[in-house]
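Listed below are the residues making up each chain.
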Amino acid sequence: MWLVDEGVVVGVDIGGTKVLAGVVDGEGRVARTALRTTPGRRVATNLVEDAVVAAVLEAADGRSLVGVGVAAAGFVDAAGERVMFAPHLPWMGEPVRNLLADRLGCPVGLDNDANCAARAEARYGAAKDASSALVITMGTGIGGAVLLHGKVMRGANGMTGEFGHMRVVPEGVECECGRRGCWEQYSSGNALVRNARALMADQPSVLMEMSGGSPAHVTGPMVTSAAEKGDLVARQAFASVGDWLGVGTANLVAALDPEIVVVGGGVSAAGDRLLDPARAALRQAVVGAEHRKIPQIVAARLGPLAGMVGAALAARPPLN
Ligand SMILES: [Zn+2]
């Protein structure tokens, strides 16, 4: 156990729906977790802080806190002090790191959730032995991180890795960011569901029954489960999302030339059903394919705990 005599290190992952805190040891093992519901976006910011503090204290279970790392689903400034904006949280430029450090009485580290997940994959997971890696997180949208020698590249604004908003289709599908043709409109959980709904209009699918006859009620996990059952609509939806995953990855490989590409996030639960078409599209689309070693695309290893485990690694500032 890490620092048994001194106390514990707790990682917290603040997502759009839940706050997950856990004691994480020096080997990345999670000892005890605590869960709270994310209070929402249109609430007083202190309610989110209350939820974080409550989850941390429950996870710590009376032991003293050596440090707390926080992974937030949103933009964190380059210094790791503030959450500048988060689509599902009320923070807008609040100095979250210091606010939480004051309330918890220990050092707090703060970073974006995708950066934290990448840190965990670099230390304990699929990117462990790679000198450079690209981590792509496919959830509702696409997030990600660039790892060099195990460190997360954060950028001048702390915004490195917003891959989902690279434009892949001029004047394409409208994106929540206000622009058009962003990559995540073609390759993400949202894109998967949109594909499935469109295909259901002309083809029979078990998704009709699973959604109670209403395509509007189709969810990402439903499409994953339908694909496992052999449903053609679900499989086509995955093939398209996987193909676009490879196309966007080819652009990133052209720019960054990583040793390995690690794909995590909820959609990656589909494994090779998502990754095989991505691998094929990457081979086709990457520049200099016949003259280079094309990076392997592999699934992330730490699953839904990656953000929390990586947050614990960010527990002591400065970041990295
Ligand atoms: Zn966008």
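Cut-offs used in this document
Residues numbered from 1 in each chain as written. Predicted model: local features only at pLDDT ≥ 70, side-chain atom pairs only at ≥ 80, totals over all residues. Heavy atoms only, no water. Donors = N, O, S within 2.8 Å, 3.2 Å for Na, K, Ca; no water. Tetrahedral: all angles 85-135°; square planar, octahedral: opposite > 155°, others 65-115°. Helix = DSSP H or I, 4+ residues; strand = E, 2+ residues; numbered from the N terminus. Buried < 20%, exposed > 50% of the residue type's maximum accessible area, 1.4 Å probe, protein only. Contact = heavy atoms within 4.5 Å. Axes fitted to C-alpha atoms, helices over the stretch in contact; angles between N-to-C directions. Parallel < 35°, antiparallel > 145°, perpendicular 65-115°, else oblique. Left-handed = near helix turned anticlockwise from the far one by under 90°. Nonpolar A, V, L, I, M, F, W, Y, C, P; charged D, E, K, R; others polar.

1. Here's the deal with the coordination of the zinc ion
Then step 1. In the first shell of the zinc ion, the protein supplies His165 (ND1), Cys175 (SG), Cys177 (SG) and Cys182 (SG), at 2.1 to 2.3 Å from the metal.
Then step 2. Note that the zinc ion binds four donor atoms; their angles at the metal cover 106 to 117°, and the shape is tetrahedral.
Then step 3. Linear spacing of the donor residues for the zinc ion on their chain is H-x9-C-x1-C-x4-C. Within this pair, whereas His165 is found in the loop between strand E10 (151-152) and helix H4 (189-200), its partner Cys175 is found in the loop between E10 and H4, the two being separated by ten residues in sequence.
Then step 4. The class for His165 is partly exposed, based on a relative accessible area of 23%.
Then step 5. For Cys175, a relative accessible area of 5% gives the class buried.

2. Some details on the environment of Leu192
Then step 1. Tracing the sequence through the fold places Leu192 in helix H4.
Then step 2. We classify Leu192 as buried; its relative accessible area is 1%.
Then step 3. The spatial distance from the C-alpha of Leu192 to the C-alpha of Arg42 is 28 Å, given a sequence separation of 150 residues.
Then step 4. In contact with Leu192, other than residues within four places in its own chain, are Gly220, Val223, Ala237, Phe238 and Val241.

3. Observations regarding the packing of H4 against helix H7 (residues 232-256)
Then step 1. It is the contact of H4 with H7, at a shortest axis distance of 9 Å, that shows an interaxial angle of 135°. With respect to H7, the element H4 is oriented oblique. Read as a crossing pair, H4 and H7 show a hand that is right-handed. Contact with H4, carried on its side by Ala191, Leu192, Asn195, Ala196, Leu199 and Met200, involves Val233, Gln236, Ala237, Phe238, Ser240 and Val241 of H7 and no other residues of that element.
Then step 2. Per-class residue counts for the contact of H4 with H7 are nine nonpolar, three polar and no charged.

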